[in-house]
Amino acid sequence: MARVSKGLAIISLCALALTACAKTDEPGAAPSPGQQRGPVRIGISLPLTGDFSEPGKGIQEGYQVWADRVNAKGGLLGRKVELIFRDDASDPNRVSSDYESLITQDKVDLVFGPFSSRLVIPAAKVAESYGMLFVEPAGAAAEVFEQGFKRLFYAAPAIASDHYDYLSDYLTRLPADQRPKTAAYASLDDPFAQGTAYGLRDKLAAAGIKTVVDEVYPPETTDFAPIAAKIAAAEPDLVVGGTQFEDSVGLVRALQELKVQPKLAAFSTGPTLAEFPAAVKGAAEHVISPVGWSATATFTGNQDLVKRYKEMFGGDANEDAANGYTVGQIVEAAVTAAKCADPSKECQDKLTAHIGQATFDTVVGPLSFDDKGRPEQAHMIQQYVNGKVEIVLPEQAKTAGIVYPKKPW
């Protein structure tokens, strides 16, 4: 009876001082739904310096544009978003320690992934070990999905080996007298870059297009003349580069100097950046690249991304920014559905389960994932036509017809 009386007394006191008992900002008080204390803190390590600094900064800007939009409409579950960035300097060891620190010392609520498969794998291992959801914008190499990760999702239309699927279909369906006979491949020693080039190589080889050059070069390569010389000697119909930005520029310049004249030239990542045409000094015309995003697309939130990016950074958004923004869109939808944004196992499990079974409307189109976190869609193919980036494949998305053969360099 004494216990019952004491309980009634407490209830009575609360009834007399309802405001005090209902406050959520007192020390130790449990926040009511939608009124959790403090911002949603999101930890992110990116290569803001080093080999991957160019796309790394693009990803960062995409994250920032997403956060700006979310905060303008009141945040996540009524809490403002705070992005906490670390610079991993394109170093796999450093990216691991960054996420370890963000999770254990900064005690972030959520984490977003870095750029490049080389950094995604060690980062995801840390996130997985702490039971954290890990949505990433740029880890597309096949080996990313062979690690047994249960909480990783790649927020883009296709994994690296499938980036060129529309192009391989186009080339292999050409009449026999128009179809290319030989191809040369040069790739950065990087899982993503090699994945894109070799995905196309394997499909074309299966269709009878002979590989005449297959070169892999280290990330620190700056002299591409020896590789270009091998390609020039082989006189291939196609030249394919598994590249990031700086090496795509270096390869194109070297090929141009040696007057290599393939019927088609395709490079991953580099040509999707606005700086590419100026960097290759007029050699961009008819260069092809797989692209997961287009500024002209009418997918959910895309025009808002384009507008906000210009307002915030004064230039035009690119695919890297779009990929970062897409990560935000997916996690935002999951947080809204799960009604939580905290590092607890219960919340992280709910977020992971939702992403694994849902389809998301994003700036790169509808996205869904298989049981390994791989996206189940496909990349478009872009080409520079009359100095302008056009979508040339697939048929249903194209803004111009593909130019093949390309004009001479």
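Cut-off values and rules
Residues numbered from 1 in each chain as written. Predicted model: local features only at pLDDT ≥ 70, side-chain atom pairs only at ≥ 80, totals over all residues. Heavy atoms only, no water. Helix = DSSP H or I, 4+ residues; strand = E, 2+ residues; numbered from the N terminus. Buried < 20%, exposed > 50% of the residue type's maximum accessible area, 1.4 Å probe, protein only. Polar contact = N/O pair within 3.5 Å; in protein donor to acceptor, adjacent residues only side chain to side chain. Contact = heavy atoms within 4.5 Å. 1 Å grid on protein atoms, 1.4 Å probe; cavity = no way out; pocket = protein on both sides within 12 Å on 5 of 7 lines; lining within 4 Å. Points joined across faces, edges and corners; volume = space filled by probe spheres on them. Nonpolar A, V, L, I, M, F, W, Y, C, P; charged D, E, K, R; others polar. Pairing = 2+ DSSP bridges. Right-handed = clockwise from strand over helix to strand, strands pointing away. Axes fitted to C-alpha atoms, helices over the stretch in contact; angles between N-to-C directions. Parallel < 35°, antiparallel > 145°, perpendicular 65-115°, else oblique. Left-handed = near helix turned anticlockwise from the far one by under 90°. Expected span 1.5 Å × (residues − 1). Arc of directions from axis to C-beta.

Caption draft 1: Representation of the side chain of Thr 196 within the structure. Note on placement: Thr 196 falls in helix α7 (residues 191-206). Accessibility expressed as a relative area gives 0% for Thr 196, which makes it buried. A distance of 2.7 Å separates a polar atom in the side chain of Thr 196 from the backbone oxygen of Ala 193. Once you skip the residues sitting within four places of it in the chain, Thr 196 turns out to touch Ala 160, His 163, Tyr 164, Gly 242 and Ser 268.

Caption draft 2: Focus on empty space enclosed by the protein. The full count for this structure, using the stated rule, is one cavity of 30 Å³ or more. In this structure, the largest cavity occupies an estimated 170 Å³ of space. In terms of residue count, helix α12 (residues 319-338) provides more of the lining of the largest cavity than any other element does, three residues in total. Residues belonging to the lining of the largest cavity are distributed by class as follows: six nonpolar, seven polar and two charged.

Caption draft 3: Local environment of the pairing of strand β6 (residues 182-188). Taken across its seven residues, β6 has seven buried, putting it largely inside the fold. Along β6, one buried face is formed by Thr 182, Ala 184, Ala 186 and Leu 188 and the opposite face, lined by Ala 183, Tyr 185 and Ser 187, is buried too. Judged from the seven bridges that link them, β6 and strand β7 (residues 210-217) form a sheet pairing that is parallel. Along β7, the bridge assignment pairs Ala 183 with Thr 211. As a crossover connection, the stretch from β6 through α7 into β7 is right-handed. As defined by bridge partners, β6 adjoins strand β8 (residues 238-242) across five bridges and the pair is classed as parallel. Counterpart to Ala 184 in the pairing with β8 is Val 239.

Caption draft 4: Highlighting the packing of helix α6 (residues 165-172) against α7. Two elements in contact, α6 and α7, have axes whose closest approach is 10 Å; the angle formed by their N-to-C orientations is 25°. One element, α6, and the other, α7, form an angle in the roughly parallel class. Helix-helix and strand crossings are classified by hand; for α6 and α7 the assignment is right-handed. Listed contacts from α7 to Asp 165, Leu 167, Ser 168, Leu 171 and Thr 172 of α6 are Leu 200, Lys 203 and Leu 204. In terms of residue class, the contact of α6 with α7 is built from four nonpolar, two polar and two charged.

Caption draft 5: Here's a closer look at the pairing of strand β9 (residues 264-267). Burial of the side chains of β9 extends over both faces: Leu 264 and Ala 266 are buried on one face and Ala 265 and Phe 267 on the other. Sheet topology note: the β8/β9 ladder contains four bridges and is parallel. Bridged to Val 240 within β9 is Ala 266.

Caption draft 6: Molecular detail of helix α13 (residues 345-357). In this model, α13 (13 residues) spans 18 Å end to end at C-alpha, consistent with the 18 Å of a helix rising 1.5 Å per residue. Of the positions making up α13, those classed as buried are Cys 347, Gln 348, Leu 351, Thr 352 and Ile 355. Each buried residue of α13 sits inside an arc of 130° when the element is viewed along its axis, so together they form one side. Projecting away from the buried face of α13 at angles above 90 degrees are the exposed residues Lys 345, Glu 346 and Gln 357. The inward-facing, buried residues of α13 contact β3 (110-111), β4 (134-136), β5 (152-154), α12 and β11 (360-362).

Caption draft 7: Structural context of the layout of surface pockets. In this model, the largest pocket occupies a volume close to 500 Å³. Surrounding the largest pocket, 22 residues form its lining, Trp 293, Ala 295, Ala 317, Gln 382 and Val 389 being those nearest its centre. Counting residues per element, the ones that place at least two in the lining of the largest pocket are β13 (380-385) and β14 (388-393). If one sorts the elements of the lining of the largest pocket by residue count, β14 sits on top with four residues. Across the lining of the largest pocket, the residue classes tally to twelve nonpolar, six polar and four charged. Roughly 300 Å³ of volume is contained in the second largest pocket. Lining the second largest pocket are 18 residues, and of these Asp 51, Pro 219, Phe 245, Glu 246 and Asp 247 sit closest to its centre. Elements that contribute at least two residues to the lining of the second largest pocket include exactly α3 (53-72) and α9 (245-257). Split by residue class, the lining of the second largest pocket holds eight nonpolar, five polar and five charged.

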